[in-house]
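# Structural overview
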Amino acid sequence: MTVLDDDLACAAALVGLGGMTPVRLVRILDGFGPLVAWRALAAGTHPADRAHRFTAEARVVDPSEVADRYRSAGARVLIPGRPGYPAALVGDPGAPAVLSATGDPTVLDARPAVAVVGTRSATRYGVRVASDLGRGLAGAGVAVVSGLASGIDAAAHAGALAAGPGGAPPVAVVGTGLDVVYPRENAALWAQVSGSGAVFSEAALGTPARPRVFPARNRIIAGLADVVVVVECHGRGGSLHTVEAAARRSVPVCAVPGAVHSPASRGTNGLLVDGCTPVRDVDDVLVALALARGTPRVPLVPDWRAGPESDAGTAVELDRVERAVWDAVGSEPTNIETVLLRTNLSLATLAGTADALAQRGLLVAGAGWWSRA
Amino acid sequence: MIASIPSAVLSGVDGRPVRVEVHVANGLPGFTVVGLPDAAVRESRDRVRAAFVSTGLPWPRRRITVNLAPSGVRKGGAGLDLPIAIGVLVASGTMTQESVAGHAFVGELGLDGSLRGVPGVLVLADALADLALVVAEVDGPEASLAGGTCRSAPSLVDVVARCTGRRPWPAIVVPGGGNDGSPPGADAPVADLADLADVRGQVMARRALEVAATGGHHVLMVGPPGAGKTLLATRLPGILADLDPETSRTVSRIHSAAGVARSTTTLIRRPPFRAPHHGLSAVAMIGGGSGGHRPGEVGLAHGGVLFLDELGEFPTAVLDALRQPLEEGVVRISRSQGSSTCPARFLLVGAMNPCPCGTGGVPGACRCSPAARARYARRLSGPLLDRFDITLRVDRPDGAELVGRGAGESTAVVAARVAEARERARARGVRANAELEVSSLDRFAPLDPRASALLERQLRSGGLSARGLHRVRRLARTVADLEGAGSIVEADHVAEALTLRGSRALLLGEEVR
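Being a predicted model, the structure only gives us computed values, none of them experimental.

Definitions and cut-offs
Residues numbered from 1 in each chain as written. Chains lettered and ligands numbered in written order. Predicted model: local features only at pLDDT ≥ 70, side-chain atom pairs only at ≥ 80, totals over all residues. Helix = DSSP H or I, 4+ residues; strand = E, 2+ residues; numbered from the N terminus. Buried ≥ 20, exposed ≤ 12 C-beta atoms within 10 Å, placed from the backbone. Contact = placed C-beta atoms within 7 Å. Axes fitted to C-alpha atoms, helices over the stretch in contact; angles between N-to-C directions. Parallel < 35°, antiparallel > 145°, perpendicular 65-115°, else oblique. Left-handed = near helix turned anticlockwise from the far one by under 90°. Nonpolar A, V, L, I, M, F, W, Y, C, P; charged D, E, K, R; others polar. Core = buried A, V, L, I, M, F, W, Y, C linked by C-beta atoms within 7 Å. Expected span 1.5 Å × (residues − 1). Domains from an automatic or database assignment. Pairing = 2+ DSSP bridges. pLDDT = per-residue confidence, 0-100.

## Focus on the overall build of chain A
Counting secondary structure elements, chain A contains 15 helices and twelve strands. A principal-axis box enclosing the C-alpha atoms of chain A has dimensions of 85 × 45 × 40 Å. The burial tally for chain A puts 52% of its 373 residues in the buried class. Here the analysis covers contacts within chain A between residues at least 6 apart in sequence; of these, 70% occur between residues at least 24 apart.

## What about the overall build of chain B?
Scanning chain B for helices and strands turns up 22 helices and 18 strands. Principal-axis analysis of the C-alpha atoms places the extent of chain B at approximately 90 × 50 × 45 Å. Every one of the 513 residues in chain B was classed for burial, and the buried ones make up 51%. Pairs at least 24 residues apart make up 73% of the contacts formed inside chain B by residues separated by at least 6 positions.

## As for the packing of helix α8 (residues 229-239) of chain B against helix α17 (residues 411-426) of chain B
Residues and elements named next belong to chain B. Packing of α8 against α17 leaves a shortest axis separation of 9 Å and a crossing angle of 55 degrees. With respect to α17, the element α8 is oriented oblique. In the crossing of α8 with α17, the sense of the turn from one axis to the other is right-handed. Of the residues in α17, those touching α8 at Arg-235, Gly-238 and Ile-239 are Thr-411, Val-414, Ala-415 and Val-418. The residue makeup of the contact of α8 with α17, split by class, is four nonpolar, two polar and one charged.

## Observations regarding the nonpolar core
In this structure, B:Ala85, B:Val106, B:Leu133, B:Ala208, B:Leu392 and B:Val494 are the most contacted members of the largest nonpolar core, which totals 156 residues. Each residue touching B:Val494, except ones within four places of it in the same chain, is listed here: B:Ala451, B:Leu454, B:Leu455, B:Val472, B:Ala476 and B:Val489. Counting 104 residues, the second largest nonpolar core, distinct from the first, contains A:Leu8, A:Val98, A:Ala143 and A:Ala246.

## Overview of helix α7 (residues 203-215) of chain B
Residue and element names in this part refer to chain B. When the terminal C-alpha atoms of α7 are compared, their 18 Å separation across 13 residues agrees well with the 18 Å that a helix rising 1.5 Å per residue should span. Counting buried residues in α7 gives 13 out of 13 residues, a clear majority hidden from the surface. Positive backbone phi, at 70 degrees, marks Gly-216, one or two positions downstream of α7.

## A word on the domain arrangement of chain B
All names here are of chain B. Domain boundaries assigned for chain B yield domain 1 (2-163) and domain 2 (190-431). Listed per partner, the contact involves 16 residues of domain 1 and 18 residues of domain 2. Of all the elements in the fold, those that place two or more residues in the side of domain 1 that touches domain 2 are β1 (2-11), α4 (121-127) and α5 (140-144). In terms of residue class, the side of domain 1 that touches domain 2 is built from eight nonpolar, four polar and four charged.

## Details of the environment of A:Pro80
All names here are of chain A. With respect to the element layout, Pro-80 can be found in the loop between β1 (76-78) and β2 (99-103). C-alpha of Pro-80 to C-alpha of Val-90: the two residues are ten residues apart in sequence and 6.9 Å apart in space. Not counting chain neighbours up to four residues away, the residues in contact with Pro-80 comprise Tyr-85 and Val-90.

## Quick notes on the environment of B:Leu322
All names here are of chain B. Take Leu-322: it is sitting in the loop between α12 (316-320) and α13 (323-328). The buried category is assigned to Leu-322, around which 25 C-beta atoms lie within 10 Å. Considered as a pair, Leu-322 and Arg-501 are 179 residues apart in the sequence and their alpha carbons are 20 Å apart. Leave out the neighbours within four places in its chain, and Leu-322 touches Val-298 and Leu-384.

## Details of the interface of chain B and chain A
Where interface size is given, it is often the accessible area lost as the parts come together that is meant. Chain B puts 32 residues into the contact, and the matching count from chain A is 30 residues. Of all elements in the fold, only α7, α21 (491-501) and α22 (504-508) of chain B reach the threshold of two or more residues within the side of chain B that touches chain A. Looking at the side of chain B that touches chain A element by element, the count peaks at seven residues for α21(B). Grouping the amino acids of the side of chain B that touches chain A by side-chain chemistry returns 13 nonpolar, seven polar and twelve charged.

## Side note on the sheet that holds β2(A)
Residue and element names in this part refer to chain A. With mixed pairing, nine strands are arranged side by side in an open sheet as β1-β2-β6-β5-β4-β3-β7-β8-β9. Edge strands, defined here as strands with exactly one partner in the open sheet, are β1 and β9 (277-278). Judged from the three bridges that link them, strand β3 (residues 113-117) and strand β4 (residues 143-146) form a sheet pairing that is parallel. Directly across from Ala-115, in β4, lies its bridge partner Val-145. Across the sheet, helix α11 (residues 266-273) is in contact with β7 (227-230), β8 (253-255) and β9; its angle to β8 comes to roughly 125 degrees.

## Regarding the confidence of the model for chain B
Residue and element names in this part refer to chain B. Predicted confidence across chain B gives a mean pLDDT of 86, with 93% of residues reaching 70 or more. Element-level pLDDT for chain B is lowest in α22, with a mean of 67, against a maximum mean of 95 in helix α2 (residues 81-91). Here residues 177-191 scores under 50 on pLDDT; set against residues more than four positions off or in separate chains, the count is 27 contacts. Here the predicted complex scores 0.77 on pTM and 0.79 on ipTM.

## So, the pairing of strand β4 (residues 63-69) of chain B
All names here are of chain B. Only one face of β4 is covered, namely the face carrying Ile-64, Val-66 and Leu-68; the face carrying Arg-63, Thr-65, Asn-67 and Ala-69 is uncovered. Bridging between strand β2 (residues 14-25) and β4 involves seven bridges; their strand directions are antiparallel. By the bridge assignment, Val-22 is partnered in β4 with Val-66. Alignment of strand β3 (residues 30-34) against β4, held across five bridges, turns out to be parallel.

## A word on helix α6 (residues 124-139) of chain A
Spanning 16 residues, α6(A) covers 22 Å between terminal C-alpha atoms, matching the ideal 22 Å at 1.5 Å per step. Counted residue by residue, α6(A) has 14 buried out of 16 residues, so it is predominantly covered.

## Observations concerning the sheet that holds β1(B)
Residue and element names in this part refer to chain B. Strand order in the open sheet formed by four strands is β1-β2-β4-β3, and the pairing between neighbours is mixed. The open sheet has two free edges, formed respectively by β1 and β3, since each of these has just one partner strand. Neighbour-to-neighbour, the strand axes of the sheet open up by a mean angle of 20 degrees, direction not taken into account.

## A closer look at the packing of helix α7 (residues 152-162) of chain A against helix α8 (residues 187-196) of chain A
All names here are of chain A. As a packed pair, α7 and α8 sit with axes 10 Å apart at the nearest point and diverge in direction by 50 degrees. Regarding the angle of α7 to α8, the classification is oblique. Regarding α7 and α8, the two cross each other, and that crossing is left-handed. Facing α7, whose interface residues are Ala-154, His-157, Ala-158 and Leu-161, α8 presents Leu-189, Gln-192, Val-193 and Ser-196. Broken down by class, the residue content of the contact of α7 with α8 amounts to five nonpolar, three polar and no charged.

## With respect to the environment of A:Ser371
Residues and elements named next belong to chain A. Residue placement: Ser-371 occurs in strand β12 (residues 369-372). The class for Ser-371 is buried, based on 21 C-beta atoms found within 10 Å. The spacing of Ser-371 and Val-329 is 42 residues in sequence and 6.3 Å in space, taken between C-alpha atoms.

## A few points about unusual backbone geometry
Across the junction of A:Tyr182 and A:Pro183, the peptide omega takes the value -10 degrees, indicating a cis bond. Looking along the chain, the bond that leaves B:Ala69 and enters B:Pro70 is cis, with omega of 0 degrees. Positive phi, close to 60 degrees, is recorded for A:Leu148, a residue that is not glycine. With 24 C-beta atoms counted inside 10 Å, the residue A:Leu148 sits in the buried group. The backbone of B:Gln202 shows a phi angle near 55 degrees, a positive value even though the residue is not glycine. Residue position: B:Gln202 is located in the loop between α6 (156-163) and α7.

Here is the structure:
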């Protein structure tokens, strides 16, 4: 890790000032280098801080100490015009004035990026689609950008990582400080993304998870991506912030269709009605990407598709009762009550049959709901 | 002169015989009551005197001392009014000793000399079974359920007139109680109760209730508001068999002692259903209180169903107090003034939402954070959750799936199946399969090879603990009994038991992933 120079140290110190917001930061750095801005704040002469909101704190904080903290956290500080600051954000209307990153921030250079986003309370279907898209896109040389939240985000990252060392590295933009892993259960995933790709944040080190940091994070995701894919989202939610930010930047938005009954697909189905491009698999995303970038679509690694997946259950032999249960469960998760009603079997027979199917890996029994594996 | 009149007071769900000794002597006129009376008994001085004056009975203008023996135990209730009044009459010479010999008295006096009923007459009559018990007219039918000699009168004057032989004791007519010609114990017929046929769909829940009623397995229903959890729970008592004579008597005694509304003309033959609100205190749940160990909800649910709606909203102390009755079938209440034991063997039915927003468990529907869900589920302690053999997901019925389906089976049909399967459990020497000892499982619930393979797989995958294994085996035994299977428990029975048992994920409202 290189020693941070004065400008970068002051940039880091500016982000960490109490009461600093992305908008204020942009104003303070408008026309000033970080070092100049910092000195002006400490002197109380900065034109964007006539109220001396930051003067007292700027006088006692030592930027080099802040820089030391970033160094020990393994984080780099990125500002426009310096190496590492994502090229996609230069000229962006909401570009953060200062970013920090762990991993390699240059992975986005010379590589198309697709944001795969969606709800935290995803269904099995959504998780599977996100994971497939993540793996397929990474395998095709596209950097998968997401937010490291639970649900769709985590599945997209995990899928991208599953493409292996040959795939494009994953990129995450998080809302918290880079030293605050949230949610905790994604700690391992976070480390892997940081290890093979990059994790960006515009928040100061130590910034906890607050409701307002996530919409701000979503605009950066939209800014970094060439195409945004929404896998599953509810009628209201953070993913729609990303969609809105993408629309403002004329970044194409694609949506994965879902069952019309599924609450987790209400938002995505709505997007499709509104005219977003439907996406079924990686192929569809790559078409959208090629259109977005105005380049022919096959330049990417040719064998990106790992091989067709067969529909389990159609290939194997099922007896009459097993077939009835299989049909009754259908393609969406179904509760036991519904399966009982559809099959008219006794609970004992049904439970026994479902167990036999589960043992053959055809059925997944969840919390009162069954679905095809 | 001294009179000694037998009576009785309530102590928990038991009657305690008491002798009311009255001494009338020369001296300054006065009226004292000794022998640890409580406030109600001390106030009886004023009621007794007023009753005498207003009915024209002579009040001795002498010194009256009343002692309640044994004097070491606390006595409460207004039922001692009548024996005190009779004691004063005898001690002052208005009535003779002989006229009250062989009689015991229980009743509250009104200021006009009328006799009023008291709670727990059935229990008190049991405690005074070897004497002819004189009670208020309204208490006559209930007192005669105890089986001893019983007499009733509407007022103090009538008691005096009948004791002294000026008027005869009328026979107590108990409607439906056996002495009016109709068969005894004709209780509300099952059809009058909430019927299972009212429940649309809910095939899984119906089956779970049937299994619970057969095997005595406690049930926890998890589901969103409005799914029909309460509707289902109220249908459970209907499919339980009539109480056996001994339990019927015990239940009647408990309800009598607690003074809850009920038919007083017959013993309670149907299993009771208690659904206390979650605001109740630990004392209201297990019993106790200053008024002499009144039975709590667990006692009142003995032989029947205790339904706790919004289980997560009950205070932890109240829920933890359930552990002893669930374990031993009785609840022991100890206070500084003594302890008492109340039977409390009931079927526990809990209901709760899966998560704070109530929609958890439907894939993709719940927006609660995992932490909020975990916090919600943590309100129930592990040991309590452990008691629920059946954890059941109850969702709102899907109208589209119900189209073209008739009403489900009625309570009568299911009750008959339950009664038949319960007979098989009785042949094993237990009331229900939930009470089977671990050591007897291999004898009474042997597994066929596929069934034991299924259980072993569950154990290995960590889906089942050693203790859970026994519970599943008992549950599977009940399922096999209902299916009319032989002595061997088959794989399908075990699979159903595992499905009914549910999982922790189900409780947390987690989804299939």
